[in-house]
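This is what each chain is made of:
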Amino acid sequence: MTVVAIDGPSGAGKGTIARRVATELGYHFLDSGAVYRAAALGCVEAGIDLADEKASAAAVKAMDIRFLPQDADSGLVDTSRVLLGTHDITARLRSEVAADSASRLAVLPSVREVLLPIQREFLKPPGLVADGRDMGTVVFPTARIKIFMTASAGIRAKRRLEQLKDHGIDAKLESLVQEIAERDNRDANRKHAPMKEAEDAIHIDTTSLDIEASVALVIDHVRQTLSGNKKCPDGEITSC
Ligand code: DC
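Numbering of residues starts from 1 in each chain and follows the order in which that chain's sequence is written. Totals for whole chains, interfaces and linings use all residues, but because this is a predicted model, local features are given only for residues with pLDDT of at least 70 and pairs of side-chain atoms are given and counted only at 80 or more. Note: side-chain values were computed over all heavy atoms of the structure, leaving out hydrogens and water.

Visitor: Lay out the site of the ligand with the relevant residues and their values.
Guide: Taken together, the neighbourhood of the ligand is formed by 17 residues, with Arg37, Arg133, Asp134, Asp187 and Arg190 sitting nearest. Measuring from a nitrogen atom of the ligand, one finds a side-chain N or O atom of serine 32 at 2.9 Å. Polar contact is defined as a pair of N or O atoms within 3.5 Å, subject to the rule that within protein one atom must be able to donate a hydrogen and the other to accept it, and that residues adjacent in sequence are counted only when both atoms are side-chain atoms. Take arginine 37: an N or O atom from its side chain is 2.6 Å from an oxygen atom of the ligand. Burial of the ligand by the protein amounts to 97% of the accessible area it has alone, namely 450 Å². Comment: elements are numbered from the N terminus, with helices defined as DSSP H or I runs of at least four residues and strands as E runs of at least two. For the shell around the ligand, the secondary-structure elements that each account for two or more residues are helix H2 (32-45), helix H4 (96-105) and helix H8 (173-189). Element by element, the count of residues in the shell around the ligand is highest for H2, at 4 residues. Of the residues contributing to the shell around the ligand, the split by class is 4 nonpolar, 5 polar and 8 charged. Residues are counted as near a molecule or strand when any one of their heavy atoms sits within 4 Å of it. In short, Shrake-Rupley with a 1.4 Å probe defines the accessible areas, and a residue's cover is counted only from the protein chains shown. The classification used treats Ala, Val, Leu, Ile, Met, Phe, Trp, Tyr, Cys and Pro as nonpolar, Asp, Glu, Lys and Arg as charged, and all other residues, Gly among them, as polar.

Written out as C-alpha cells, the structure reads:
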C-alpha cells in the first residue's frame, strides 16, 4: 500500500495540499494534527494538567474520539469531522487554544504511544496521504513517498491568519508570528518524535507557490515515483 507522508511546520500549506493530493489519488487522508488537537481539547475540557504525563495519557486512552469522512459514500476514511463522545468538535479544533494545547500534549511520549495505533488505522487500500510532524519518521517510517514541506515564517503566519479568518476566528498577525515560532520550536526540539525531515524525504518550499502549483508538484512527484516501480501481483502500483 502506498503511503504519501507529508511533514513540516504549521502554515506550510501541508494540510490543504495533502487533502487535495489524497482526493486526486483516491487515497484515504489523515490529518494527524487533528488527532493531537482532539486529544488536547479532551484533556483541557476534563481539566487535566497537560504537564502531568500520567494523567494526560490515561485521559487520552479513555477518550472516545471518532473521525468521520467528508463523504461517507466514497468509502474513503479521513479526518474531516471529529467527534469527542457525542460532541462535534470539528470547528473548535481550529482554535489557537487547541493548537497550543496540542503542541504541549505532543511532547509527552506516553500520549504519543496511545495515539500511534489510532493514526496507523487510517492505512487501508488503496493508500494513504498523511500529514503531520512525524509521518515519515515515526508513524509510517516505510512510506514510499516522503515530503518535508516548509515556507518562510512570515508567509506561514499570514496563511494561518487567513485560515483563522475563514473559520470566523479573530487573530493578530504579530501574536500569530510569535505563537507559531513558539510551537515550531517546541515541536522541533522535543525529545520524542520531533518534527524533522526524514533522510529519504524530498523538500518542497511553498513560500512562492500557490496551492494549485504545490498540489501539481506533489502529484507529479508521486506519479514519477510510482511509475518507477513494478506492479504488484494484485495490480496495485507500490514498492512491493
Ligand atoms: O498540524 P497541526 O498544527 O494541526 O498540529 C497541532 C500540534 O500537534 C503540533 O503543534 C504538534 C502536534 N503534532 C505532532 O506532534 N505530531 C503530528 N504528527 C501532528 C501534530
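Here the narrative resumes.
Visitor: Can you lay out the packing of helix H3 (residues 53-62) against helix H5 (residues 109-120) for me, pointing to particular residues and giving the numbers?
Guide: Any two packed helices are characterised by the angle at which their axes cross and by the distance between the axes. At a closest axis distance of 8 Å, the pairing of H3 and H5 adopts a crossing angle of 15°. Judged by the angle between their axes, H3 and H5 are roughly parallel. Crossing of H3 over H5 shows right-handed handedness. Of H5, the residues touching H3 (which contributes Glu53, Ser56, Ala57, Val60 and Lys61) are Pro109, Ser110, Val111, Val114 and Leu115. To obtain each axis, a line is fitted to C-alpha atoms, and for helices this fit is confined to the stretch in contact; angles are then taken between N-to-C directions over 0 to 180 degrees. Geometric relationships in this document are graded by angle, where less than 35 degrees denotes roughly parallel, more than 145 denotes roughly antiparallel, 65 to 115 denotes roughly perpendicular, and other angles denote oblique. Note on convention: near helix rotated counterclockwise from far helix by under a right angle means a left-handed crossing. Clockwise means right-handed. Should any heavy atoms of two residues lie within 4.5 Å, those residues are considered in contact.

Visitor: Report on the sheet that holds strand E3 (residues 65-68), specifying residues and quantitative values.
Guide: A pair of strands counts as paired when DSSP detects no fewer than two bridges linking them. Spatially, 3 strands are ordered E3-E4-E5 in an open sheet, and the strand pairing comes out antiparallel. In the strand order of this sheet, the two ends are held by E3 and strand E5 (87-88), each with one partner. Sheet topology places E3 next to strand E4 (residues 81-84); 4 bridges connect them, and they run antiparallel. By the bridge assignment, phenylalanine 67 is partnered in E4 with valine 82.

Visitor: Can you tell me about the sheet that holds strand E2 (residues 28-31), naming the residues and giving the values?
Guide: Taking strand neighbours across the sheet as the criterion, the 5 strands line up as E2-E6-E1-E7-E8 in an open arrangement whose pairing is parallel. Of all the strands in the sheet, the pair left with one neighbour each is E2 and strand E8 (202-205). Between one strand and the next, the sheet's axes are offset by a mean angle of 20°, whatever the strand orientation.

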